[in-house]
Amino acid sequence: MLPSPGWSPRCRLYHWALSLAGAALCLALMFVTCWFYALPALGMAGMIYKYLEYQGAASEWGEGLRALSLSAARFALLRLEEGPAPTHSWRPQLLVLLKLDAELRVTQPQLLALAAQLKAGRGLLVAGSVLPGDLLQAHGEARAAEQVGLRRGDPMGSQSSPVEPLGVL
């Protein structure tokens with residue numbers, strides 16, 4: 001992964017006091033070399049600062065907050081690789097393959113109820129069925145099976161959502 005964009009001092013000898021000392025030396029050198037040009041230059045810089053402070057561009061915090069959230073997400077993803085996953089909060093993801101009857105209804109809905117109890121309302125449960133035949137010819141049948149499931153409701157309640165069939169075998 002690439003590092004975060006933006007300026008950030010990478011030198012291990014960097015310190016803010018060193019930057020402050022450099023700015024002070026620059027100001028001192030301005031006055032030592034030509035003080036009558038240094039005064040108007042500092043006056044112009046002060047006027048520009050005050051003008052910008054008075055006019056003030058509208059603060060747009062949206063991009064900054066988005067960058068902050070993306071940085072936090074990146075930090076969290078990088079921390080995932082540091083150690084083993086905690087086993088006390090891991091839940092397996094279940095795949096339930098269902099058999100359909102001639103009317104494209106689930107023959108054993110108790111399998112879905114059992115899977116819902118095993119998951120305790122948490123995690124991911126994938127339910128599917130295999131329809132034999134050619135994908136192009138049986139596409140309407142797959143849609144009909146999906147619609148039958150939607151009309152009957154499902155034992156999982158409103159937690160499940162219909163998905164596009166992956167294919168027909």
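Keep in mind it's a predicted model, so treat the numbers as computed, not measured.

1. Structural notes on the overall build of the chain
1) Next: Of the regular secondary structure elements, the chain holds 4 helices and 2 strands.
2) Next: Element order for the chain, N to C, with α for helix and β for strand: α-α-β-α-β-α.
3) Next: Burial analysis of the chain (169 residues in total) assigns 9% to the buried set.
4) Next: Considering only contacts in the chain between residues 6 or more positions apart, those separated by 24 or more positions represent 60%.
5) Next: If you sum the accessible surface of the chain, you get close to 14,500 Å²; carbon and sulfur atoms cover 65% of it.

2. Observations concerning the packing of aromatic side chains
1) Next: Scanning the entire structure with this criterion turns up 2 aromatic pairs.
2) Next: Ring geometry for Trp35 versus Phe36: centroids 5.9 Å apart, planes at 85°, classification edge-to-face.
3) Next: Ring centres of Phe36 and Tyr37 lie 4.9 Å apart, and the angle between their planes is 50°; on these two criteria the pair is classed as tilted.
4) Next: Under the relative-accessibility criterion, Tyr37 is labelled exposed at 60%.
5) Next: Here a set of aromatic residues connected by ring pairs shows up, and it is made of Trp35, Phe36 and Tyr37.

3. A few points about the nonpolar core
1) Next: Ranked by size, the top nonpolar core spans 5 residues in total: Val96, Leu98, Leu112, Ala115 and Leu125.
2) Next: With sequence-adjacent residues up to four places away left out, Ala115 is seen in contact with Leu94, Val96 and Leu125.

4. A closer look at the pairing of strand E2 (residues 125-128)
1) Next: Across 4 bridges, the pairing between strand E1 (residues 94-97) and E2 is parallel. Note on E2: the bridge partner recorded for Leu94 is Leu125.
2) Next: Taken together, E1, helix H3 (residues 110-119) and E2 form a β-α-β motif whose crossover is right-handed.

5. Observations concerning the pattern of salt bridges
1) Next: Applying the stated criterion across every chain, the model contains 2 salt bridges.
2) Next: We note a salt bridge from Glu53 to Lys50, for which the minimum N-O separation is 3.0 Å. One end of the pair is Glu53 and the other is Lys50, both in helix H1 (residues 16-55) and 3 residues apart, which spans about a single turn.
3) Next: In this structure, Glu103 and Arg105 form a salt bridge, with 3.9 Å as the shortest nitrogen-oxygen distance.

6. Remarks on the confidence of the model for the chain
1) Next: On average, residues of the chain score 77 in pLDDT, and 76% of them reach the 70 mark or higher.
2) Next: Averaged over each element, pLDDT in the chain is lowest for helix H4 (residues 139-152) (68) and highest for H1 (92).
3) Next: In this model, residues 153-169 is a region of pLDDT below 50 whose contacts with residues beyond four sequence positions or in other chains number 27 contacts.

7. Some remarks on a nonpolar patch on the surface
1) Next: A cluster of nonpolar side chains, namely Leu27, Met30, Phe31, Trp35, Phe36, Tyr37, Leu39 and Leu42, defines an oily patch on the protein surface of about 810 Å² accessible area.
2) Next: With a relative accessible area of 51%, Trp35 lands in the exposed category.

8. What about H3?
1) Next: Here H3 has its buried residues at Leu112, Ala115 and Lys119. The buried residues of H3 occupy an angular sector of 60° when the element is viewed end-on, so they sit on one face. Opposite the buried face of H3, at more than 90 degrees from it, the exposed residues are Gln110, Gln117 and Leu118.
2) Next: Those residues of H3 that are buried lie in contact with E1 and E2.

Conventions and cut-offs
Residues numbered from 1 in each chain as written. Predicted model: local features only at pLDDT ≥ 70, side-chain atom pairs only at ≥ 80, totals over all residues. Heavy atoms only, no water. Helix = DSSP H or I, 4+ residues; strand = E, 2+ residues; numbered from the N terminus. Buried < 20%, exposed > 50% of the residue type's maximum accessible area, 1.4 Å probe, protein only. Contact = heavy atoms within 4.5 Å. Areas by Shrake-Rupley, 256 points an atom, 1.4 Å probe, with all protein chains shown as cover. Phe/Tyr/Trp six-rings, centres within 6.5 Å; stacked < 30°, edge-to-face > 60°. Core = buried A, V, L, I, M, F, W, Y, C linked by side-chain atoms within 4.5 Å. Pairing = 2+ DSSP bridges. Right-handed = clockwise from strand over helix to strand, strands pointing away. Salt bridge = Lys/Arg side-chain N within 4 Å of Asp/Glu carboxyl O. pLDDT = per-residue confidence, 0-100. Patch = residues over 30% accessible without salt bridge, like charges linked within 9 Å, V, L, I, M, F, W, Y side chains within 5 Å. Arc of directions from axis to C-beta.

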